[in-house]
Amino acid sequence: MIIYLHGFNSSGKSEKARELGRLLSEIELLSPDIPSDLELAVPFLENFIQQHDDEPLMLIGSSLGGYFAQYLGRKFGCPVVLINPALHPVPLLMQHLGKQVNYYSGKEYELTESSVQSLARYAVEAGQDHHPTLVLLDKADELLDSAATAKAYKGHAQVMAYEGGSHRFDHLSESAPVIRQFYQNRVLKR
């Protein structure tokens, strides 16, 4: 089973979640809607994972979901795939305090300083251990520094960086065979 963790202001019904489900159709993929209130996000995800941790499990996280996946993968001992992950989301999100609208639900909410600061407790330094990790990057990510992410994970994870692309990650179909192989090697052969 794969649990996909979407990024900031996204949804479990996002285009990327649907595309992953289509590309990896032979693997059960769950994609929960992560609460917009960041203080509730990780406790919600911990509960969600606990409901499914009796099965072989892998997490895939995109952007802020990648940040969550780093922490949760280590906590639950499951492999992770990070897609253009936000390694240090607090400074980035501090620039977006105030009224927000979820891109998919249209729901409005307030992004507060305390909510953003709450993310700091889930920080995991890249390469802190040799946890099974696959990192997928688009080199032209306009939001996050893909070169810094590649450097942080060098020698600690399998890193694939694609030319061009964007923060959305435009190489999902090309990377699907790699994700599938990682799943087979790290989840099914455990």
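Residues numbered from 1 in each chain as written. Predicted model: local features only at pLDDT ≥ 70, side-chain atom pairs only at ≥ 80, totals over all residues. Heavy atoms only, no water.

The next point concerns the overall build of the protein chain. A count of helical and extended segments in the protein chain gives seven helices and eight strands. Relative to the compact-globule value of 16 Å for 190 residues, the protein chain shows a C-alpha radius of gyration of 15 Å, a close match. Burial statistics for the protein chain: of 190 residues in total, 53% are counted as buried. Partitioning the intrachain contacts of the protein chain with sequence separation of at least 6 by distance along the chain shows that 68% fall at a separation of at least 24. Entry remark: accessible area of the protein chain is about 8900 Å², with carbon and sulfur atoms responsible for 50%. The averaged location of the 23 negative side-chain charges in the protein chain is 4 Å from the averaged location of its 17 positive side-chain charges. (Helix = DSSP H or I, 4+ residues; strand = E, 2+ residues; numbered from the N terminus. Rg over C-alpha atoms; globule rule 2.2 N^0.38 Å. Buried < 20%, exposed > 50% of the residue type's maximum accessible area, 1.4 Å probe, protein only. Contact = heavy atoms within 4.5 Å. Areas by Shrake-Rupley, 256 points an atom, 1.4 Å probe, with all protein chains shown as cover. Lys, Arg positive; Asp, Glu negative; His and termini not counted. Charge placed at Lys NZ, Arg CZ, Asp CG, Glu CD.)

The next point concerns the packing of helix H2 (residues 38-50) against helix H3 (residues 64-76). Two elements in contact, H2 and H3, have axes whose closest approach is 11 Å; the angle formed by their N-to-C orientations is 45 degrees. On the basis of the axis angle, H2 is oblique to H3. Crossing handedness for the pair H2 and H3: right-handed. Taken together, the residues of H3 that come into contact with H2 (itself represented by Leu38, Ala41, Val42, Leu45, Glu46, Ile49 and Gln50) are Leu64, Phe68, Tyr71, Leu72, Lys75 and Phe76. (Axes fitted to C-alpha atoms, helices over the stretch in contact; angles between N-to-C directions. Parallel < 35°, antiparallel > 145°, perpendicular 65-115°, else oblique. Left-handed = near helix turned anticlockwise from the far one by under 90°.)

Right, let's get into the packing of aromatic side chains. For the structure on display, the rule yields four aromatic pairs. Note on phenylalanine 44 and phenylalanine 48: the rings are 6.3 Å apart at their centroids and 25 degrees apart in plane angle, and the pair reads as stacked. Pair noted here: phenylalanine 44 and phenylalanine 48 are both in helix H2, with a separation of four residues, about one helical turn. Look at tyrosine 71 and tyrosine 122: their rings are 4.9 Å apart centre to centre, the planes differ by 65 degrees, and that puts the pair in the edge-to-face class. Within this pair, whereas tyrosine 71 is found in helix H3, its partner tyrosine 122 is found in the loop between helix H5 (113-117) and strand E7 (133-138), the two being separated by 51 residues in sequence. Overall, tyrosine 122 belongs to the buried group, its relative accessible area being 9%. (Phe/Tyr/Trp six-rings, centres within 6.5 Å; stacked < 30°, edge-to-face > 60°.)

So, about the packing of helix H1 (residues 15-23) against helix H7 (residues 172-188). Between H1 and H7, the least distance of the axes is 10 Å, while the angle of their chain directions is 55 degrees. Our classification of the angle between H1 and H7 gives oblique. The chirality of how H1 crosses H7 is right-handed. On the side of H1, the interface is formed by Lys16, Glu19, Leu20 and Leu23, while H7 contributes Leu172, Ser173, Ala176, Ile179 and Arg180. Within the contact of H1 with H7, the residues separate by chemical class into five nonpolar, one polar and three charged. (Nonpolar A, V, L, I, M, F, W, Y, C, P; charged D, E, K, R; others polar.)

Before going further, it helps to examine the side chain of lysine 16. Along the chain, lysine 16 falls in helix H1. It turns out lysine 16 is buried and unbridged, and the closest side chain with the opposite charge, aspartate 170, is 8.1 Å from it. If near-sequence neighbours (up to four positions away) are discounted, lysine 16 is found in contact with Tyr4, Ser62, His167, Arg168 and Leu172. (Salt bridge = Lys/Arg side-chain N within 4 Å of Asp/Glu carboxyl O.)

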